[in-house]
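Tertiary structure, described
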Amino acid sequence: MVRRHDPYPSRTGGQEAIHPRQDPVVYGGPQAGTPGALSGEQLQQFEREGYLVLPDLFSDLLEPIREEFHTLSRRMRGDEALYTEPDSDEPRTLFKVHAWSDLLQQVMRDPRILTPVQQILGSAATTMQSRINIKPAFKGKSFPWHSAFETWHVEDGMPRMRAVTAWIMLTDNSPHNGPLYVIPGSHKHYVSCAGTTGRENYRTSLRRQTLGVPRSETLKDMLQEQPIHTVSGRAGTLVFHDCNLLHGSPDNISADPRSILMYVYNSVENAVEAPFSDLPPRPHYLCDREAQPLSALQQPLQVPARAA
Ligand code: 6CS
């Protein structure tokens with residue numbers, strides 16, 4: 001059997017190593033005259049730092065999204081797509097929210113998100129994954145440093161770095177309530193991690209990830225060159241981050257809950273293949289292998305005011 005070429009090997013049983021990224025970060029460009037399009041400067045910033053923050057862009061939809069989430073979290077209790085915290089039964093992440101909710105499916109197609117996504121990917125996009133992450137006050141647990149692409153490549157078969165994560169802050173994200181930490185510029189390197197992936201690794205990794213986490217020595221070197229940025233902002237802020245950006249987040253020991261709504265957009269020219277781990281693919285709620293190209297709503301989504 002001829003072995004498939006793997007451009008980004010990881011967890012192949014060898015030692016950890018750092019390789020340069022082989023793919024562009026931004027595949028498209030400015031779209032003068034298109035409402036909501038990112039400027040050349042914003043695209044350059046995303047290319048350089050690997051993330052971009054657009055304050056308050058979704059403030060108008062916060063209430064309906066929050067209400068929808070409360071309904072969903074009651075309805076989905078006990079479902080496989082709802083993951084709990086490592087040490088308790090508190091909900092941690094609800095996956096594939098765009099499939100369980102019309103509203104969240106429409107938000108996914110809102111041009112305020114989809115136009116920049118198409119600029120970054122230089123193509124139409126599909127939604128590979130969506131989720132709501134919940135970090136309750138005092139109890140919400142951390143996520144360690146990792147590149148999402150590393151997992152998607154090994155466990156889902158995403159071939160190249162041509163995907164972007166877009167997320168909306170559903171509560172204020174302060175420096176204290178377990179916000180996202182990123183290492184700007186880290187998306188230009190690929191950390192090929194040690195270890196080998198076990199069957200159904202996702203059952204534990206989504207509660208507490210251990211594989212695909214770079215060694216402390218590697219992180220120390222990276223952080224000497226480029227210190228951590230904390231991604232904070234008011235509820236309603238929209239953030240884009242590159243699929244290979246090293247990110248993580250600390251426990252929430254503050255009195256303020258933190259939650260976010262997240263969509264992973266993959267280029268239609270980067271369709272997922274068989275996982276590079278050679279293990280069976282992860283379930284549909286983690287990686288939608290049948291996702292169709294998305295068309296943007298004609299206008300930014302407007303939710304009618306409810307009668308008093
Ligand atoms: O498993 C996933 O798809 C995502 N979640 C985690 C906790 N790590 C890898 C990736 O970002």
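Residues numbered from 1 in each chain as written. Predicted model: local features only at pLDDT ≥ 70, side-chain atom pairs only at ≥ 80, totals over all residues. Heavy atoms only, no water.

**Focus: the side chain of Ser 123**
- Among the secondary structure elements, Ser 123 is positioned in the loop between α5 (111-121) and β5 (125-135).
- A relative accessible area of 11% places Ser 123 in the buried class.
- A polar contact is formed between the side chain of Ser 123 and the side chain of Ser 267, at a distance of 2.7 Å.
- Leaving out residues up to four positions away in the same chain, Ser 123 has contacts with Gln 118, Arg 162, Ser 267, Val 268 and Glu 269. (Helix = DSSP H or I, 4+ residues; strand = E, 2+ residues; numbered from the N terminus. Buried < 20%, exposed > 50% of the residue type's maximum accessible area, 1.4 Å probe, protein only. Polar contact = N/O pair within 3.5 Å; in protein donor to acceptor, adjacent residues only side chain to side chain. Contact = heavy atoms within 4.5 Å.)

**Side note on the packing of aromatic side chains**
- Enumeration over the complete set of coordinates arrives at eight aromatic pairs.
- Ring centres of Tyr 8 and Phe 149 lie 5.2 Å apart, and the angle between their planes is 80 degrees; on these two criteria the pair is classed as edge-to-face. With Tyr 8 in the segment before β1 (17-20) and Phe 149 in helix α6 (residues 148-156), the pair connects residues that are 141 residues apart, well separated along the chain. Note on accessibility: Tyr 8 and Phe 149 belong to one class, buried.
- On the numbers, 6.2 Å between centres and 50 degrees between planes, the contact of Tyr 83 with Tyr 285 is tilted. With Tyr 83 in strand β3 (residues 82-84) and Tyr 285 in the segment after β13 (258-267), this residue pair connects regions lying 202 residues apart in the sequence.
- Taken together, Tyr 8, Phe 149 and Tyr 190 form an aromatic cluster joined through their ring pairs.
- Geometry around Phe 143 places Arg 92 over its ring, the cationic atom sitting 3.9 Å from the centre. (Phe/Tyr/Trp six-rings, centres within 6.5 Å; stacked < 30°, edge-to-face > 60°. Lys NZ or Arg CZ within 6 Å of the ring centre and 35° of its normal.)

**Comments concerning the environment of Pro 257**
- Considering the arrangement of structural elements, one finds Pro 257 in the loop between β12 (247-249) and β13.
- Sequence separation between Pro 257 and Ile 134 is 123 residues, and the spatial gap between their C-alpha atoms is 7.7 Å.
- Every residue in contact with Pro 257, bar those within four places of it in the chain, is listed here: Lys 135, Pro 136, Ala 137, Thr 171, Asp 172, Asn 177 and Asn 252.

**Some words on the sheet that holds strand β8 (residues 180-182)**
- An order of β6-β12-β8-β10 is seen for the four strands of this open sheet, with the pairing classed as antiparallel. Bordering the open sheet on either side are β6 (143-146) and β10 (229-231), each of which pairs with just one other strand. Shown here is a sheet whose adjacent strand axes are inclined to one another by a mean of 25 degrees, direction ignored.
- Direction of pairing for β6 relative to β12: antiparallel, over a ladder of two bridges. Of the residues in β12, the one forming a bridge with Phe 143 is Ser 249. (Pairing = 2+ DSSP bridges. Axes fitted to C-alpha atoms, helices over the stretch in contact; angles between N-to-C directions.)

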